[in-house]
Structure formats: structure tokens, C-alpha cells
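# Observations on the model geometry
Each chain is listed here by its residues.
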Protein chains: 2
Amino acid sequence: YIDDKTLYIKDNKIYHIGDMDNNNLDNNEENNFEEIDAKNKLVMPGLINMHGHTYMSLFRNYADDLPFNEWLFEKIMPVEDSLDKQDAYYPNMLSCIEMIKTGTTTYLDMHMYSPYSGKAAHDSKMRAYLSRSVVGDDLYSDPRRLNEMLDEKEKYESDLVKFMMMPHAIYTASPNLIKEANEEANKLGILKQIHLSETNTEVNDSYEKYNKSPVELLDEIGFLDERTSLAHCVKLKDNDFKILKDRKVTVVTNVASNCKLGNGFAPIKRMLDEGINVTIGTDGVSSNNTLNMFREMGLLSLIHKGVNEDVLVLGANEVLKMATINAAHALGRDDELGIIKEGALADLIFIDLKAPNMFPNNNIVSSLVYSANGSEVESVMINGEFVMRDNKILTFNEDEIYEGVNNVVNKYLVK
Amino acid sequence: YIDDKTLYIKDNKIYHIGDMDNNNLDNNEENNFEEIDAKNKLVMPGLINMHGHTYMSLFRNYADDLPFNEWLFEKIMPVEDSLDKQDAYYPNMLSCIEMIKTGTTTYLDMHMYSPYSGKAAHDSKMRAYLSRSVVGDDLYSDPRRLNEMLDEKEKYESDLVKFMMMPHAIYTASPNLIKEANEEANKLGILKQIHLSETNTEVNDSYEKYNKSPVELLDEIGFLDERTSLAHCVKLKDNDFKILKDRKVTVVTNVASNCKLGNGFAPIKRMLDEGINVTIGTDGVSSNNTLNMFREMGLLSLIHKGVNEDVLVLGANEVLKMATINAAHALGRDDELGIIKEGALADLIFIDLKAPNMFPNNNIVSSLVYSANGSEVESVMINGEFVMRDNKILTFNEDEIYEGVNNVVNKYLVK
């Protein structure tokens, strides 16, 4: 907790906390700091959205409340398949708008439309980890997807934009492909993510085909280590917990998506009891239908208190850590992200504590998890630069994005 | 669905929908209509919050994540007991601010501090149903609470402010008191509400003491009829469903509160399958910790899809009905509230469809339940009068309320 203190931001980092005497500064620097008044505001680290598909905001509220197969195979996939790559750019940017406005500063994105995910990350000036999803039997025999990602990486990798390796899932990628993807990731020195144990069907099929749980299968392949995060993990088996713990894997829970698609509740309390690193993702808009990490935090805490019928499960502090510190740990950046300290990156959000739903401020951490709806975020700084200030996006033209999305909708979704 | 139509509001009602020729108007009236442009806006009926305790916003985020007994008996009740009645006014008003800003136009309030709940309802110009909660063994032997309510009723009852009869619960009010309260309500011709079957303890104690479920007990007393709504109903027994259905009782589910206090999930799907009228309440801030009916709608749908592991459970249309039409039915005002039609009361909310989380507008009802966070509400009309317009409250001074709440907090909660 830091109360009534001054934060000095220099370049892209938190330079100093507290009063500063002139010794801290070079001679001419003293007057170069812009003063920002944060009275009645909370300044806190930006939230980290550990799993999503930004292009899917195109499908917001499209084909809801339909059986899974009808939703995916009759509604979503035909459009995905016919989408011109460049048309993914505007939905990608719309997702960035929504994330910025609700206080997310770093996001992970598994996508199908390189290099437009990279272009959106670049243009939005958000911190991002991107991957073209890879599927199939062999990474190299049909190298289109891998090459698309490597080209995108070469074009857009920067201080802010990093790349990962994301095989889609064990039901769309073979053990062989996952093994190759793992080796390729290790060669490139990048992080890895995959959808895992999301549905009963996936787990049952895994036993049928491999006589193993999905977690056991990936462990055998060698995919599981501290640079790996697993999205979903709703349907874990007893033996899976120990593997996840021993391999220092991170779990990304997607509580809204798991509910909305009827997959149920992940065993979060047990994961935490067993010492597994748990983080939070929104998944894509199509199964959520919003990218609001504040909504996700509140939902996570409430649902697991309900599931366990225990008010003490998933307190506000613990949930806030999942969206910040635990996620920074998963990215191997404990000292840089999700935290306010000297030397950390200046990824900061400014929150209005006078919003009626935040008032009175009897407990600020509680208010972030139980009361906030995300609209209290007024300003967002990423890497030392304001991307939003007083609710206005500064780094690109918001209206152009809405217009672009409308054109894409009219092209694909309106008959 | 009404698209691109004109609504004419006259006095407190929806006068006409669609174009109007001069025959519909008196001679001089034609130019007296103020024109309101609602381009890119959705105009819909205001939401109805069927259960709460407005004074509890004083306790926002105070004493969260504590065991139930410690929370209630050591933290909340000592303050409740020492609170000067008039000090409840500002928290009452803060709750009204939050409800107006998130699109609620009608609320039910079980309170302890007459007549300040009445004064707040009056000053906020919201539509309200109020009741001093009654507890104890006999309504008439200690008539203080009943008299407080009758005095409050006399002072504040109006077109907008109505009164109900609300015995607190079967563990704080005896069967005799509930019977007397029921008779008194029937005599006054007013609606009735009670907390029921909220916790395992309550249900177990009911069997121990009366050899009946709480629902069976109330049925025997004669409390259950179509003018009765029951808050919570988390722990229903098999036999209870038929009684609720046969007696045409309304259930008010409080999904956030039931989770946050660790009470679990109400059997909503079964209630709906058996044809019971289900509506939505936020409960008090102290167990929620917000009064946002949009949050409540989303939570309700997502959780019950998760509980039932079925994507088809509680679709967006059904949930929106619970917050509007079903609630109007419970209040005996099907033709006046929760609906846009000629002759209905002009309780209308104006929603920004260009908010990034609502865009693109592939399905508006879906977006209200799955994507909205409540901050999209821009203007609110109650009984034909704007109480908020372009996010500004018009009927009272918001800042005075925050200052007043601060003073009350400093008096009771800060050591």
C-alpha cells in the first residue's frame, strides 16, 4: 500500500517513489517532470489478461445461447474460414480499446490472422504476447502457420510486443506437432501456451486415444515447464495437480467463458491449496462476451465462494494477485510487471475512487474485486506513455476502429 | 423490438409509439414535446431491483472476507445498533445514486431506519417499495417498528413511493409475528416480502424447531400468496417447489450475495422448469458489494450455465425478463412497469450502444446480459421525468451525498 506518495516516471520505468531531493536528478531534469494530480485516484499496476483471441470481438453477441456444435461449426467457423486476414485488424483493435478502457495493460493473444494481430498490438501501444495458433500433425511439413508467425515476429517484435508458441489444443494438434512446437519454442527462447482440459469431451477422448489425461499427455511430450501456461484446466484429474505443481506450470482460468459455454467450474481452490500458480484470462469475446478483467476478478471470487460454500475462499487480495503478480511471474517478469516499485515498468492504471460503486473507500482492494465494474479506470499508462487519459484514447483514433468493425460486420455477418 | 421509432411521453406515461398525426394531439400540444435524439442509443424499460437494504452502502467493502458470524455479529451489527437514524439517510441516497447510474428505476428496500429510507426514496425520485423490517414475537405487544413504518407510510407514500410488509426472517420473527404481519398487510392491501431459506443453518433449525421446511412453515401460516416475494430461496427442498408454484409466490434471487456469503447457488433452473416466477435482487451492498442489476443479470446467467453445465440454461431473453417483466408481475403491475407500450409508465433508461464492450451490436438483448457492465446507462427517466441525463443526476446534488456519507463513515467506521 502506498498512500499519498509521489511516483516519478522516467522513460518507461518507475524511477522513484516518495519525495525526491535534487540529488536524485540530473541538473536539468528537475523541471522536466510533468505533474499529474491523482487526488481521489488509485494508481495501481495494470491488469494482465493471460488468455484471449482478440479478433473474436467481431462475434460479440453473435450466436449466443446456442448448443456448442451449432455455435462453433455452423456460426463461428464458417466466418473464420472466409475472413480475409486484413479484416481481422479492426476487431483486434476493438478488443484493445475495450481492454485499455477496463485497465488491462498486457494481453496474450492466440490468433489466426498474422500479421494483423501484430499490427494491432503495435498500433494500440499495449504490451502483448502474440501467437499464430498452430494445428495439425507436423509443424514443418505444412509450415505455413509457423512461417506466418515467424514473419509476424520479425516484423512486429519490440519492447512491447513479444511472441509465444501456441499449439491450439490436443484435439487439433497431434502429440508430434506439440513436441515440435515445444522444441521450436525452446530454440527461440519464447513462452508457450495451449488450451487444455476445457471440456469433458476433450478429457474423455484423451483417455480413449492415449489412455492418459490431457495433462499427463503433455507432460510426457515435455511441454510442461515454468515457461508454459495452460488455458482453462476445468476438468482436472487427481493426478494432474501434482504434475502441474511439480512442473511449475501456470494455469490461466477463464471463468466467464467456462460458464458461458456450459463447461462448469475449474477446481481453483484445490489448485491454490496445492501451490499451483493461477492467473486470469477473459478468453475471446465470443464466449464471454466482454474483455473486462475487473468483471473477471469479481466473477472468479464470487463463483468459487459459491462452489465451495465458503466465504473465505478466494479473498480479494488473492484474486488481485492473480491478475497482476501471478501473471507477471508466469511471464518471467516478477520484477517488472504487475507491481509498483522502483525499476518496474510504468504500466499503471488510474482509478476513480469517487465512483458511487467504489464509495465509501472502506477497503480499496475489496472495492477493486467486489465493487468495480471496470468503468472506474480513467487513465492508462503503458511503458511510461499514456495510452488513455481522462477516458480518452490517445494513441489512435477510436472512431475509425468502430467504422472499420462495422464494415467487417456488414461484409461477413449481415445477410 | 422497436427500431427507429418515436416514443411520445406525456406526463408520467408512454403516450404513443410511432409517428403521430395531429389528430392524436390537442391543438396547442403539438409543439410542447421536447425532442430527444436517441441515435445509437437503446431505450428500454428501467430495471427492477427486487431486494435490498439501501442503508448498507455505508458498509461497502467493510469487513469483507470474514467468517459469517464475525462479519455480522462483530462488525456489522454493533454499528447498526449504534447508528443514529438520520445518519442512514446519506448511505440510502448513495445507494440510489448507484442504482440510477446503473439503470435501476424501481427498488425494494427492507430497512431499519424509518423515516429516512422514505425521505431518500422521496428525494431521489426513484420508484420504491419500502418496509421497516419487523422482528420479534408479537407485532402489537412491542409496536414500535410497526408504528415507525405506519408513520413513514403516512409521511412519504406517493405515486412513486409505496410501502410493503417485511418480517425479517423466520429466525428473527416468530410464526405468530409473521401471521400478524400477514394480516396487517392484507388489511392495508400491501405486498409482502421476507428472507427465506437463505442458509443451511436456517433450514436445519426450521426442521428442528417446527419439523417443517421454511417454505412449509410460511405456507401453514398463510403468508404465501401472489402478493408475496421471497428473497434468496437457496436451500429449497423437493416439496417446496410445488408450494411456491401453487401459491403463485415470486422468488427473488440474489446471486452475488448468495455467493459472497458462501451460501451457494439457488436452484433457479428447477424453479423455472416448475413455472415459478423468478426475479432478481442485489441484496445490500455489504454482501454484494454493488447494486448493479446489469452485473447481477450477467452473473445469474453465467453461474447457472456453469452449475448445470448447459449453455442453454438462462438465456439472455429469460434473464432480462426476470429484471423487468417478471418483477412487474410480482408487483401486480404487468401493464405499467418493465415494459414499453402505450399507457405504461415512462420509466425508461437510455443505453449507449457505441460503448466498446457493446460493439458491434450483433444482438442487443445478449449485449445487455453478457456484455454490459452498467456504465453504458447514460440517461434515466422515472415517471416521465429525467432523474439522470447524460450521466448527470438532475434531481439532487450528488456531491452533498458523498460528503454526507464521509461524515457518517468518520463517525462510525473509522477509529
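Here the structure is shown first, and the text comes after it.
Conventions and cut-offs
- Residues numbered from 1 in each chain as written.
- Chains lettered and ligands numbered in written order.
- Predicted model: local features only at pLDDT ≥ 70, side-chain atom pairs only at ≥ 80, totals over all residues.
- Heavy atoms only, no water.
- Helix = DSSP H or I, 4+ residues; strand = E, 2+ residues; numbered from the N terminus.
- Rg over C-alpha atoms; globule rule 2.2 N^0.38 Å.
- Buried < 20%, exposed > 50% of the residue type's maximum accessible area, 1.4 Å probe, protein only.
- Lys, Arg positive; Asp, Glu negative; His and termini not counted.
- Charge placed at Lys NZ, Arg CZ, Asp CG, Glu CD.
- Pairing = 2+ DSSP bridges.
- Axes fitted to C-alpha atoms, helices over the stretch in contact; angles between N-to-C directions.
- Contact = heavy atoms within 4.5 Å.
- Buried area = accessible area lost by both parts, 1.4 Å probe.
- Salt bridge = Lys/Arg side-chain N within 4 Å of Asp/Glu carboxyl O.
- Polar contact = N/O pair within 3.5 Å; in protein donor to acceptor, adjacent residues only side chain to side chain.
- Nonpolar A, V, L, I, M, F, W, Y, C, P; charged D, E, K, R; others polar.
- Least-squares fit on C-alpha atoms with pLDDT ≥ 70 in both.
- Parallel < 35°, antiparallel > 145°, perpendicular 65-115°, else oblique.
- Core = buried A, V, L, I, M, F, W, Y, C linked by side-chain atoms within 4.5 Å.
- Phe/Tyr/Trp six-rings, centres within 6.5 Å; stacked < 30°, edge-to-face > 60°.
- Lys NZ or Arg CZ within 6 Å of the ring centre and 35° of its normal.
- Expected span 1.5 Å × (residues − 1).
- Arc of directions from axis to C-beta.

### A word on the overall build of chain A
Helices and strands together make up the secondary structure of chain A, namely 15 helices and 16 strands. The globule rule puts the C-alpha radius of gyration for 415 residues at 22 Å, and the 21 Å found for chain A is close to it. In terms of principal-axis extent, the alpha carbons of chain A reach across some 65 × 50 × 45 Å. Counting only residues that meet the buried cut, chain A has 62% of its 415 residues in that class. Charged side chains of chain A number 43 positive and 67 negative; the gap between the two group centres comes to 2 Å.

### Some details on the sheet that holds strand S11 (residues 250-253) of chain B
All names here are of chain B. Within the open sheet, the four strands sit side by side as S9-S10-S11-S12. Their pairing is parallel. Of all the strands in the sheet, the pair left with one neighbour each is strand S9 (192-196) and strand S12 (277-280). Sheet twist, expressed as the mean angle between neighbouring strand axes with direction ignored, is 30 degrees.

### Side note on the pairing of strand S1 (residues 7-10) of chain B
All names here are of chain B. Where S1 meets strand S2 (residues 13-17), four bridges bridge the pair, whose relative direction is antiparallel. The partner of Leu7 across the bridge, within S2, is Ile17. Hairpin remark: S1 followed by S2, antiparallel, with two residues in the connecting loop; positive phi at Asp11, about 55 degrees.

### Notes on the interface of chain A and chain B
Each side of the interface is counted separately: chain A has 63 residues, and chain B has 63 residues. Of the roughly 4,700 Å² buried between chain A and chain B, counting both surfaces, carbon and sulfur atoms make up 59%. Counting the contacts that link chain A with chain B gives six salt bridges. Connecting chain A to chain B are 27 residue pairs in polar contact (both at pLDDT 80 or more). Within the side of chain A that touches chain B, the residues separate by chemical class into 29 nonpolar, 21 polar and 13 charged.

### Things to note about the relation of the copies chain A and chain B
After a rotation of 180 degrees and a shift along the axis of 0.0 Å, chain A superposes on chain B with an RMSD of 0.0 Å. Read as a symmetry element, the transformation amounts to a two-fold axis. Take the interface residues of chain A: 100% of them recur as interface residues in chain B, which is what a same-surface contact looks like.

### A word on the packing of helix H6 (residues 200-210) of chain A against helix H7 (residues 214-221) of chain A
Each pair of packed helices can be described by the angle between their axes along with the distance between the axes. All names here are of chain A. At a minimum axis distance of 9 Å, the contact between H6 and H7 shows a crossing angle of 55 degrees. One element, H6, and the other, H7, form an angle in the oblique class. Between H6 and H7, the residues in contact are Glu202, Val203, Ser206, Tyr207 and Tyr210 and Pro214, Glu216 and Leu217, respectively.

### Description of the nonpolar core
With 229 residues, the main nonpolar core has Leu218, Met271 and Ile351 of chain A together with Leu218, Met271 and Ile351 of chain B as its most contacted residues. The residues touching Leu218 of chain B, leaving out its near neighbours within four places in the chain, are Ile170, Ile178, Ile194, Leu196, Phe223, Leu224 and Leu230 of chain B.

### Regarding the environment of Ile100 of chain A
Positionally, Ile100 of chain A belongs in helix H2 (residues 89-101). Once residues within four sequence positions are removed from consideration, Ile100 of chain A is found in contact with Ser124, Met126, Val377, Val380, Val387, Met388, Ile393 and Phe396 of chain A.

### Regarding helix H3 (residues 116-124) of chain B
Residue pairs spaced three or four apart in an α-helix point in one direction, given the helix's 3.6 residues per turn. Residue and element names in this part refer to chain B. Looking only at H3, the buried set comprises Ser117, Gly118, Ala120, Ala121, Asp123 and Ser124. Check the buried side of H3 and you find it contacts helix H2 (89-101), strand S5 (104-111), strand S6 (127-134), helix H4 (144-156), strand S7 (161-163) and strand S15 (385-389). Directly after H3, the chain includes Lys125, whose backbone phi takes a positive value near 60 degrees.

### Concerning the side chain of Lys235 of chain A
When you line up the elements, Lys235 of chain A lands in the loop between strand S10 (228-232) and helix H8 (238-246). A polar contact of 2.9 Å, which involves the side chain of Lys235 of chain A, links it to the backbone oxygen of Asn263 of chain A. Discounting residues that sit within four places of it in the chain, Lys235 of chain A has contacts with Ser197, Glu198, Thr199, Asn200, Val203 and Asn263 of chain A together with Glu309 of chain B.

### Describing the sheet that holds S15 of chain B
All names here are of chain B. Strand order in the open sheet formed by five strands is S3-S13-S14-S15-S16, and the pairing between neighbours is antiparallel. Unpaired on one side and paired on the other, strand S3 (41-45) and strand S16 (392-393) mark the two borders of the sheet. Looking at chain direction, S15 and S16 are connected through two bridges and run antiparallel. When the bridges of S16 are listed, Met388 appears paired with Ile393.

### Observations concerning the pattern of salt bridges
Residues and elements named next belong to chain A. Applying the stated criterion across every chain yields a total of 56 salt bridges over all chains. Lys153 serves as the salt-bridge partner of Glu157, at 3.2 Å between the closest nitrogen and oxygen. Under the relative-accessibility criterion, Glu157 is labelled partly exposed at 37%. Exposure remark for Lys153: the relative accessible area of 14% places this residue in the buried category. Salt-bridge contacts for Lys242 lead to Asp246; the nearest nitrogen and oxygen are separated by 2.7 Å. Of this pair, Lys242 and Asp246 both sit in helix H8, four residues apart, roughly one helical turn. Judged by its relative accessible area of 52%, Lys242 falls in the exposed class.

### Here's the deal with the packing of aromatic side chains
Per the stated rule, a full pass over the model turns up eleven aromatic pairs over all chains. Relative to Tyr62 of chain B, the ring of Phe59 of chain B has its centre 6.0 Å away and its plane inclined at 35 degrees; by these criteria the two rings are tilted. Residue Phe59 of chain B shares its accessibility class with Tyr62 of chain B, and that shared class is buried. We note Lys119 of chain A situated over the ring of Tyr89 of chain A; from NZ or CZ to the ring centre the distance is 5.0 Å. For the cation-ring pair, Lys260 of chain A lies above Tyr370 of chain B, with the distance from its terminal atom to the ring centre recorded as 4.9 Å.

### Thoughts on unusual backbone geometry
Residue Pro115 of chain A is reached from Ser114 of chain A by a cis peptide bond, and omega for that bond is 0 degrees. By the element assignment, Pro115 of chain A lies in the loop between strand S5 (104-111) and helix H3 (116-124). Each neighbour pair has its own omega, and for Phe359 of chain B with Pro360 of chain B the value is -5 degrees, a cis peptide bond. Within the element layout of this structure, Pro360 of chain B appears in the loop between strand S13 (348-352) and helix H14 (364-371). Even without being glycine, Cys233 of chain A reaches a positive phi, approximately 50 degrees. When you line up the elements, Cys233 of chain A lands in the loop between S10 and H8.

### What to know about helix H15 (residues 398-412) of chain A
All names here are of chain A. Between its first and last C-alpha, H15 extends 22 Å over 15 residues, near the 21 Å set by a 1.5 Å rise per residue. Turning to H15, its buried residues number three or more, namely Glu398, Ile401, Tyr402, Gly404, Val405, Val408, Val409 and Tyr412. When H15 is viewed along its axis, its buried side chains cluster within an angular range of 165 degrees and face the same direction. Residues of H15 that are exposed and angled more than 90 degrees away from the buried face: Glu400 and Glu403.

No statement about biological role is implied by the geometric values presented.
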